[in-house]
Amino acid sequence: MNFQDWYTDRMEVRRVRSRQEGALTVQLRETVAEDIPCRIYRPGAHGPRMQSTAAYSEGEDKVSCANEADVRAGDELLIRRGAALGQSRQTVRAFAGEPVYYYEPFGAVIPGLAHQEIALLEKEYLDAEKEAEEDGNGGCPPEADGGADQASGGA
């Protein structure tokens, strides 16, 4: 097996860089690499979780890519699932953990296995406001949240 054939996703790497603007130093996130062959795999998955203030989802995904890819802990990664196959239904936004490098052993029986694995931090707060903007009441019928009469103090 050759890992290059296994990389069905494509990754964009964004890194925080300091830039001087007048007397201020501004931190900007810039794209440092694009279209890096990679593959996400999921050792464990969780459904959405609830808190008293918001719902959130978090994942425990990892991504594999070539050792030559310059990915550092803290980089923002945008991973387009299936992009190498002409598919692009899902884009995963995550932050990189410390890369773990696996090197090709000399005289390997199966060549092409050198790669790096990067743990991903994915914690997204689910946006109920976006849903509320679509129909004005969060997808609920007006009577479910009291309607206009109750808000104005009517009976």
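Source: prediction; values computed, not measured.

*Asks:* For the overall build of the protein, give the residues involved together with the corresponding values.
*Replies:* Across its full length, the protein carries 3 helices and 9 strands. Its helices and strands taken in sequence order, the protein reads α-β-β-β-β-β-β-β-β-β-α-α from the N to the C terminus. Looking at the protein residue by residue over its 155 residues, the buried ones come to 26%. Across the protein, every contact between residues at least 6 apart in sequence was considered, and the portion connecting residues at least 24 apart equals 58%. Just so you have it, the protein exposes about 10300 Å², and 51% of that area is on carbon and sulfur atoms.

*Asks:* With reference to specific residues and values, describe the state of the cysteines.
*Replies:* Summed over the entire model, instances satisfying the criterion amount to 0 disulfides. Here cysteine 38 is not cross-linked by a disulfide; its sulfur's nearest cysteine counterpart is in cysteine 65, at 6.6 Å. On the accessibility criterion, cysteine 38 (0% relative accessible area) is buried. Under the relative-accessibility criterion, cysteine 65 is labelled buried at 0%.

*Asks:* Describe the packing of aromatic side chains, listing the residues and the values that go with them.
*Replies:* Pairs of aromatic rings are described using the distance from one ring centre to the other and the angle between the two planes. In the structure shown here, the tally under the stated rule is 3 aromatic pairs. Aromatic side chains tryptophan 6 and tyrosine 7 sit 6.4 Å apart centroid to centroid with 50 degrees between the ring planes, which places their arrangement in the tilted category. The interplanar angle of 20 degrees and the centroid separation of 6.3 Å between the aromatic rings of tyrosine 101 and tyrosine 103 together place this pair among those described as stacked. With a relative accessible area of 62%, tyrosine 103 lands in the exposed category.

*Asks:* Report on the pairing of strand S1 (residues 9–21), specifying residues and quantitative values.
*Replies:* Here S1 pairs with strand S2 (residues 24–41) via 12 bridges, running antiparallel. Across the sheet, the residue bridging to arginine 15 is glutamate 30, located in S2. As paired strands, S1 and strand S6 (residues 76–80) are joined by 5 bridges and run antiparallel to one another. Bridged to valine 13 within S6 is leucine 77.

*Asks:* So what's going on with the side chain of aspartate 9? Which residues, and what values?
*Replies:* Note that aspartate 9 resides in strand S1. Separated by 3.2 Å, the side chains of aspartate 9 and arginine 81 make a polar contact. The residues touching aspartate 9, leaving out its near neighbours within four places in the chain, are Ile36, Pro37, Cys38, Arg39, Ile40, Ile79, Arg80, Arg81, Gly82 and Ala83.

*Asks:* Tell me about unusual backbone geometry, residues and numbers included.
*Replies:* The phi torsion at aspartate 35 lies on the positive side, around 55 degrees, for a residue other than glycine. Mapped onto the elements of the fold, aspartate 35 is located in strand S2. The class for aspartate 35 is partly exposed, based on a relative accessible area of 47%.

*Asks:* Tell me about the pattern of salt bridges, and please be specific about residues and values.
*Replies:* The full count for this structure, using the stated rule, is 10 salt bridges. With a shortest N-O distance of 3.2 Å, arginine 81 and aspartate 9 are connected by a salt bridge. Here the residue arginine 81 occupies a position in the loop between S6 and strand S7 (91–96), and aspartate 9 occupies one in strand S1, the gap between them amounting to 72 residues. For arginine 80, the salt bridge goes to aspartate 35, with nearest N and O atoms at 3.6 Å. Highlighted residues: arginine 80 in strand S6 and aspartate 35 in strand S2, separated in sequence by 45 residues. Looking at arginine 80, the relative accessible area reads 28%, which means it is partly exposed.

*Asks:* Give a detailed account of the confidence of the model for the protein, specifying residues and quantitative values.
*Replies:* Looking at the protein, the pLDDT average stands at 78 and 70% of residues meet or exceed 70. Low pLDDT (under 50) marks residues 134–152, which in the prediction has 10 contacts with non-local residues, meaning those over four places away or in another chain.

What counts, and at which threshold
- Residues numbered from 1 in each chain as written.
- Predicted model: local features only at pLDDT ≥ 70, side-chain atom pairs only at ≥ 80, totals over all residues.
- Heavy atoms only, no water.
- Helix = DSSP H or I, 4+ residues; strand = E, 2+ residues; numbered from the N terminus.
- Buried < 20%, exposed > 50% of the residue type's maximum accessible area, 1.4 Å probe, protein only.
- Contact = heavy atoms within 4.5 Å.
- Areas by Shrake-Rupley, 256 points an atom, 1.4 Å probe, with all protein chains shown as cover.
- Disulfide = S-S within 2.5 Å.
- Phe/Tyr/Trp six-rings, centres within 6.5 Å; stacked < 30°, edge-to-face > 60°.
- Pairing = 2+ DSSP bridges.
- Polar contact = N/O pair within 3.5 Å; in protein donor to acceptor, adjacent residues only side chain to side chain.
- Salt bridge = Lys/Arg side-chain N within 4 Å of Asp/Glu carboxyl O.
- pLDDT = per-residue confidence, 0-100.

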